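Residues per chain, in single letters:
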Amino acid sequence: MATIIPLPSREAHPDRDAEARRRMDRLNRATTGEMQAALAFLNMIDPEAFDIAFQAAPPHLDDLPDGDPAPACGRCGGPVALFPDRALTWHHYRGAASTSGDQEIIDRGHDPQVEWRHPDDF
Ligand SMILES: [Zn+2]
């Protein structure tokens, strides 16, 4: 019995780079509705891949307990922020996050790896 949704078939000797480029082209052309349908389908056929894919996106506020998520460095756990006078790039800093102008950019010896964390996770 044929499936309702056509499943992609694989070539015997696939060109992985070309396949990756084709998938990115497809993603770049997709509408929001198409992306939502594709992720809903992925959720049905491979829930683990669905969860892995969503690690690339900041957590949705409805999925978190009370409190706003804040950016932190995934390497050292320190707070990070975008600084408008530094070409809007991420930097480690010290000082109060809630008071504008009280932050001092610090060098921790590596580029920040930005992750979004709930305040309870700090
Ligand atoms: Zn760091």
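Residues numbered from 1 in each chain as written. Predicted model: local features only at pLDDT ≥ 70, side-chain atom pairs only at ≥ 80, totals over all residues.

> Sorry, what's going on with the overall build of the chain here?
Of regular secondary structure, the chain possesses three helices and five strands. Ordering the α and β elements of the chain from the N terminus gives α-α-α-β-β-β-β-β. Within the chain, buried positions represent 4% of all 122 residues. A separation threshold of at least 6 residues defines the contact pool for the chain, and within that pool the share at least 24 residues apart is 39%. (Helix = DSSP H or I, 4+ residues; strand = E, 2+ residues; numbered from the N terminus. Buried ≥ 20, exposed ≤ 12 C-beta atoms within 10 Å, placed from the backbone. Contact = placed C-beta atoms within 7 Å.)

> I tried to follow the sheet that holds strand β2 (residues 80–83) on my own but got confused; where do I start?
Strands belonging to one sheet form pairs held by backbone hydrogen bonds; the direction of such a pair is parallel or antiparallel. If you trace the three strands from one edge of the open sheet to the other, you get β2-β3-β4, paired in antiparallel fashion. Each edge of the sheet is formed by a strand with only one pairing partner; in this case those strands are β2 and β4 (104–106). Taken over all neighbouring pairs, the strand axes of this sheet differ in orientation by 65 degrees on average, direction set aside. Across three bridges, strand β3 (residues 89–94) lies against β4 in antiparallel orientation. Each residue of the ladder has a partner; that of Tyr93, found in β4, is Ile105. (Pairing = 2+ DSSP bridges. Axes fitted to C-alpha atoms, helices over the stretch in contact; angles between N-to-C directions.)

> How should the environment of Ala53 be read in this particular structure?
Tracing the backbone shows Ala53 in helix α3 (residues 47–54). Each C-alpha atom of the pair Ala53 and Leu42 lies 9.7 Å from the other, and the pair is eleven residues apart in sequence.

> Sorry, what's going on with helix α1 (residues 16–29) here?
An α-helical turn contains 3.6 residues, so any two residues separated by three or four positions project in the same direction. Between its terminal C-alpha atoms α1 stretches 20 Å, which fits the 20 Å expected from 14 residues at 1.5 Å a residue. Burial of α1 is sparse: only zero of the 14 residues sit out of reach of the surface. (Expected span 1.5 Å × (residues − 1).)

> For this particular structure, what's the right way to read the environment of Leu42?
Mapped onto the fold, Leu42 is located in helix α2 (residues 32–45). Overall, the presence of 15 C-beta atoms within 10 Å leaves Leu42 in the partly exposed class. Excluding residues within four positions of it along the chain, Leu42 makes contact with Ala49, Phe50 and Ala53.

> How do you make sense of the packing of α2 against α3 when you look at a structure like this?
Angle between the axes and distance between the axes are the two parameters that describe a pair of packed helices. Two elements in contact, α2 and α3, have axes separated by 5 Å at closest approach and are oriented at 135 degrees. Overall, the two elements α2 and α3 adopt an arrangement that is oblique. On α3, the residues that touch Leu39, Leu42 and Asn43 of α2 are Pro47, Ala49, Phe50 and Ala53. Taken together, the residues of the contact of α2 with α3 sort by class into six nonpolar, one polar and no charged. (Parallel < 35°, antiparallel > 145°, perpendicular 65-115°, else oblique. Nonpolar A, V, L, I, M, F, W, Y, C, P; charged D, E, K, R; others polar.)

> What's the story with α2 in this structure? I'm lost.
With 14 residues, α2 should reach 20 Å at 1.5 Å per residue; the first-to-last C-alpha distance of 20 Å fits that figure. The element α2 is largely exposed, with a buried count of zero among its 14 residues.

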